[in-house]
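Architecture at a glance
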Amino acid sequence: MKASRVLQIVPLKFRPTDDGALLFADDAGGYFKADQDFLERYVDDSLTQSDHRFLDVNGHAFDGVGDLAYSGFEYRFASRLYSPAELDYVILVPTLRCNLSCGYCQVSRVNETTPGFDWNGETLQAVLRFLGGLSTKRIKIEFQGGEPLLRLDVIRHVQAFCRSKFDHCEFVICTNLQEVSPEAWAVLEEPHVFTSTSLDADRATHQAQRTKNAQKTSSFFDNFDAAVNRLGPNKISALPTINPTNPPPATAVIDTFVGYGIRSIYLRPVNHQGFARKRFDARSSASSWNRYHSSFIDALIDFNWDADAPLEEYYFTHCLRRVLRSGHNHHADLRNPNIIGYSYVVIDHDGKFYPTDEARMVSRVGQFDLSMGDVFSGIDRDKIDMLNSEALNNFHPDCVHCPYQAFCGVDLVDDLSRYGRIDLPKHLTDFCQRHTYIFDKIFSLIYSEDPKVGKSLAIWSGAPRFDSSFAKVHR
Amino acid sequence: MIDLRLKVDPLPIVEPLVVRLLDQPVDNRTEHDAIILDIDGDRREYEYHGFSFTVYARPHESLDGDVLLVLPGQASAHRLIRANSNHNTFLVTEQCDQLCVMCSQPPKKYHFDLFDQLAIAASLAPRDAVIGISGGEPLLHKERLFQMLFAVSASRPDLRFHILTNAQHFEPQDAERLVALGSDRILWGVPLYSANPKTHDRIVGKEGAFASLERGLATLMRAGASVELRTVVLQQNWEDLIGVAEFIATRLGFISVWAIMQLERIGYGRMNWASSFKDTSADFEQAARAIDIVTARGLKAWLYNFPLCSVPQDYRGYAPSTISDWKRKYLDFCDGCGARETCGGFFQWYDHKEGFNGLGPI
């Protein structure tokens, strides 16, 4: 029977799933599963009363523009759009020098003794003048490199300046923890100072990928042990960089992190930038990465089933929450529109501004110049704004058909870095392949009836239990 | 129990009078202040514009900074503001256009307009106070209410309001005023009992209430207002809680918080107790699922007026102490309970013989 009430149905996009059904989703991130018959009724405009009732209750329909269902949909849609806040996060690269030479170094480092890759006094003063001109009351400063602990003097200058200028300061020091002087420990132990380092799965992998010899490996692990003990697991994060063509077993990564009491693991594939693109075949690594990541998530689910303290993979949790929630826009890697160069900037060793760390690397290897002025003459966003005007997936001819569009984002710097252009068909890009996989995985778990899966999804979604109503099937 | 009325010696007044009681002169002295002269047992004598004003209170109770409303010919004063409490509420009218089965303050026919006095009282409140506004239905007197809100907002930008309304009377053109008042200043407490219009209308005793509520909530959303959505759990809507959670997820993503509330055994709540009270200590499942749903959606849910021992362990973190100090009591077995410090206890008028079955110290 055809519906009598005149409901307006919002546009639905769909994608076949492994179980033979179709996943439907709308522009505000509402979703459900249905079958081919429903699709045909939807296309033929012959939806039944029962179809309408379902679409109404599930938030895909409205009676009239401006009614509560319509406004609620608008609210969810609008909250999924990222709007940059005022500039309150600055990444500083006081030196490119480093005391390690990792095979996949993402940032084109130079040797520890190479002159000419450090801030000089004028650069420091210009950076402080720039920070002094910000209107925010809260600042987050991240020190990267090179190895920023080689410039502890700069770190201390910047800290002192920020503490006198802003109401609240947070400092993140991204260090390889290879050599930590007593003075450096004192800085890392200060309140509102956080340490971020790399820990590649286990001792063997870390040595193979980073430290190269047993002595350096021991120095790192000694320092890492000390950091966990002295700073506590809440003040330290450790990122494992994974080579997808030769990944460590998931259990090795899990055991290492559990051993240190670190419950959030942020797996990173080797980044196809800087020197990495010269050494690794990273142009087409998405499928091997996806396979590994999927098996890692399965291993976490097994682990969490009877663990006292559960684990998460940070980015997977983020993507799961982006499926379930609107307004979950805090991660710079997954935003739509992905407006860069506004809420945070990078200042390189030579005082140049970049919108992101990746843009700095693309520029460093000479592909494109994505700098946006420097600390001496000020920010110039002309070029970046051209890129920003394309950084939207809502109207992209490939993305408009994808049910994951509302959850996903864009990364044009990544496209430029890999392909030298931003107009490749999306499904051929690494970004699209990785995110299509991750949302496929998320939906396969949401619709799973395995109680082990349910337990992990509850933990990762932040709720006591994962409710069965998130796996709606309309028949 | 804390007194919300204080005995006074009647004053020779013809208009309602607002008085702030002070133990000593303060810097921001106003024409409404009365300064203490003498305390003798429960009798306190104040100086007010050269006259003597006598208030009776328990000897150790502080009245410093309290604001009283004295009505002509009455021997007791309304204690509008207790300076050391976070639970100060103005009852601006007793008229209402709904007749809810759980109403704790059943409506009356006549309205006595005290908005001018209440505006003065608010202006005398301690710094950064939150003032509750309740009824009846405050928005039945929408123009007077907005006048008061604008007047107080201008003179006391530090004050905030928590206003309980059935949201039946917002019009789209009110959005501008709501924006002007600012979304940080007012938290609107709005009840929704079911996502099924018929069930909601039946519970609030008004046909078409659900449809009006939808329009009101849309206006609040467009104005960027802060809303605390309130759902009292009842036998009548227990099976609808998940529907409400999904309604919130699809339509009401803008709300600040969803308050899932236990029934207060007073007014119609007492009259309808047997047919309405839902013993959530015996069966919590629908409330648990409702919390699961909105939490995963990134929204905040709270359990109001639930004794902690009535809530399964995994959900106790959602049950803050919410029963106002002057309405609260504890039972015998609470003495041995390790959670008493963080538990809101019971309403004074809760009757354990007809209440929760599955309680005990935790």
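Residues numbered from 1 in each chain as written. Chains lettered and ligands numbered in written order. Predicted model: local features only at pLDDT ≥ 70, side-chain atom pairs only at ≥ 80, totals over all residues.

This brings us to the overall build of chain B. Of regular secondary structure, chain B possesses nine helices and 16 strands. Relative to the compact-globule value of 21 Å for 362 residues, chain B shows a C-alpha radius of gyration of 21 Å, a close match. Taken along the three principal axes of its C-alpha coordinates, chain B extends 60 × 55 × 35 Å. Residue burial in chain B is summarised as follows: out of 362 residues, 44% are buried. Look at the contacts in chain B between residues 6 or more apart in sequence, and 72% of them connect residues 24 or more apart. (Helix = DSSP H or I, 4+ residues; strand = E, 2+ residues; numbered from the N terminus. Rg over C-alpha atoms; globule rule 2.2 N^0.38 Å. Buried ≥ 20, exposed ≤ 12 C-beta atoms within 10 Å, placed from the backbone. Contact = placed C-beta atoms within 7 Å.)

In terms of helices and strands, chain A carries 17 helices and 20 strands. Dimensions of chain A, computed from the C-alpha atoms along their principal axes, are close to 80 × 50 × 40 Å. Look at the contacts in chain A between residues 6 or more apart in sequence, and 68% of them connect residues 24 or more apart.

On the chain B side, the residues contacting the 27 residues of chain A number 22 residues. Listing elements by their share of the side of chain A that touches chain B, those giving two or more residues are helix H3 (68-79) and helix H12 (314-324) of chain A. Considering every element that reaches the side of chain A that touches chain B, the biggest residue donor is H3 of chain A, with seven residues. Its residues assigned to classes, the side of chain A that touches chain B comprises nine nonpolar, 12 polar and six charged. (Nonpolar A, V, L, I, M, F, W, Y, C, P; charged D, E, K, R; others polar.)

Looking now at the domain arrangement of chain B. Residue and element names in this part refer to chain B. Per the domain assignment, the segments making up chain B are domain 1 (1-78) and domain 2 (85-354). Computed over C-alpha atoms only, the centres of domain 1 and domain 2 are separated by 31 Å. Residue-level contacts link 11 residues of domain 1 with nine residues of domain 2. Only strand E2 (17-22) and strand E6 (67-70) provide two or more residues apiece to the side of domain 1 that touches domain 2. (Domains from an automatic or database assignment.)

Assigned domains of chain A: these are domain 1 (1-79) and domain 2 (89-318 + 332-379). Spacing between the C-alpha centres of domain 1 of chain A and domain 2 of chain A amounts to 43 Å.

Further remarks concern the sheet that holds strand E18 (residues 353-354) of chain A. Residues and elements named next belong to chain A. What the seven strands build is an open sheet, ordered E12-E11-E10-E9-E6-E17-E18; its pairing is mixed. Taken across any chain shown, the strands that pair with only one partner, and hence form the sheet edges, are strand E12 (236-239) and E18. Looking at chain direction, strand E10 (residues 168-174) and strand E11 (residues 193-198) are connected through four bridges and run parallel. Bridging across to E11, Val172 finds its partner in Phe194. (Pairing = 2+ DSSP bridges.)

All names here are of chain A. For helix H13 (residues 357-364), the tally of buried residues reaches seven of eight residues, placing the bulk of the element in the interior. Of all the residues in H13, the buried ones are Asp357, Glu358, Ala359, Arg360, Met361, Val362 and Arg364. On its buried face, H13 is in contact with strand E6 (89-92), strand E17 (344-347), E18 and helix H15 (412-419).

As a further point, take the nonpolar core. Of all hydrophobic cores here, the largest spans 158 residues; its most connected members are Ala121, Ile248 and Val294 of chain B. Ignoring anything within four residues of it in the chain, the contact list for Val294 of chain B reads Ala245, Ile248, Ala249, Trp258, Leu299 and Ala301 of chain B. Of all hydrophobic cores here, the second largest spans 42 residues; its members include Val90, Val346, Val375 and Ile384 of chain A. (Core = buried A, V, L, I, M, F, W, Y, C linked by C-beta atoms within 7 Å.)

Residue and element names in this part refer to chain A. Where E6 and E17 come together, four bridges link them in parallel fashion. Bridged to Val90 within E17 is Val345. Where E17 and E18 come together, two bridges link them in antiparallel fashion. Looking at E18, one finds that Ile347 is bridged to Phe353. The loop that links E17 with its antiparallel partner E18 comprises five residues; one of these, Gly351, has a positive phi angle of about 85°.

Residues and elements named next belong to chain A. Running from N to C, helix H9 (residues 250-259) and helix H11 (residues 286-305) cross one another at 50°; their axes reach a closest spacing of 9 Å. Taken together, the axes of H9 and H11 are oblique relative to one another. Judged by the twist between their axes, the crossing of H9 over H11 is right-handed. Judged by residue contacts, Ala250, Thr251 and Ile254 of H9 engage Ser295, Phe296, Ala299 and Phe303 from H11. (Axes fitted to C-alpha atoms, helices over the stretch in contact; angles between N-to-C directions. Parallel < 35°, antiparallel > 145°, perpendicular 65-115°, else oblique. Left-handed = near helix turned anticlockwise from the far one by under 90°.)

Attention now moves to the environment of Asp38 of chain B. All names here are of chain B. Among the secondary structure elements, Asp38 is positioned in strand E3 (residues 33-40). Judged by the 11 C-beta atoms lying within 10 Å of it, Asp38 falls in the exposed class. Note: C-alpha distance between Asp38 and Thr54 (16 residues apart in sequence) is 9.5 Å.

The next point concerns the sheet that holds strand E10 (residues 160-164) of chain B. All names here are of chain B. Overall, parallel pairing links the seven strands, which are arranged E8-E9-E10-E11-E12-E13-E14 in an open sheet. Strand pairing shows two members of the sheet lacking a second neighbour, strand E8 (88-91) and strand E14 (301-304), which therefore form its edges. The average angle at which neighbouring strand axes cross in this sheet is 25°, direction not considered. Where strand E9 (residues 130-134) meets E10, four bridges bridge the pair, whose relative direction is parallel. When the sheet's bridge partners are listed, Ile133 is paired in E10 with Ile163.

All names here are of chain A. Read from E10 through helix H6 (residues 182-188) to E11, the crossover connection turns out right-handed. Pairing analysis gives four bridges linking E11 to E12, with the strands arranged parallel. Pairing of Thr195 across the sheet is with Ile236, part of E12. (Right-handed = clockwise from strand over helix to strand, strands pointing away.)

The next subject is the confidence of the model for chain B. Interpreting fine coordinate detail is not advised for predicted regions of low pLDDT. In this model, chain B carries an average pLDDT of 95, and 100% of its residues clear a pLDDT of 70 or more. Scored by ipTM, the complex comes to 0.93, with pTM at 0.94. (pLDDT = per-residue confidence, 0-100.)

So, about the packing of H13 of chain A against H15 of chain A. The axes of two packed helices give the description: the angle between them and the distance between them. Residues and elements named next belong to chain A. Following both chains from N to C, one finds H13 and H15 inclined at 25°, their axes separated by 9 Å at the closest point. Taken together, the axis directions place H13 and H15 in an arrangement best described as roughly parallel. The hand of the H13/H15 crossing is left-handed. Between H13, through Glu358, Ala359 and Val362, and H15, the contact on the second element is made entirely by Val413, Asp414, Leu416 and Ser417. Residue composition of the contact of H13 with H15, by class: four nonpolar, one polar and two charged.

In this section: unusual backbone geometry. In this structure, the amide linkage connecting Asn336 of chain A to the following residue, Pro337 of chain A, adopts the cis form with an omega of -10°. Locating Pro337 of chain A in the fold gives a position in the loop between H12 and E17. Residue Gly136 of chain B follows Gly135 of chain B across a cis peptide bond; omega there is 20°. For Gly136 of chain B, the location among the structural elements is in the loop between E9 and helix H2 (142-155). A positive phi angle, close to 60°, is found at Asp45 of chain A, a residue other than glycine. Looking at the element boundaries, Asp45 of chain A is found in the loop between helix H1 (36-44) and helix H2 (49-57).

What follows covers the environment of Thr175 of chain A. Residue and element names in this part refer to chain A. Tracing the chain through its elements places Thr175 in the loop between E10 and H6. As a C-alpha pair, Thr175 and Leu149 span 26 residues in sequence and 6.8 Å in three-dimensional space. Non-local contacts of Thr175, meaning those with residues more than four positions away in its chain, are made with Glu147, Pro148, Leu149, Thr195 and Thr197.

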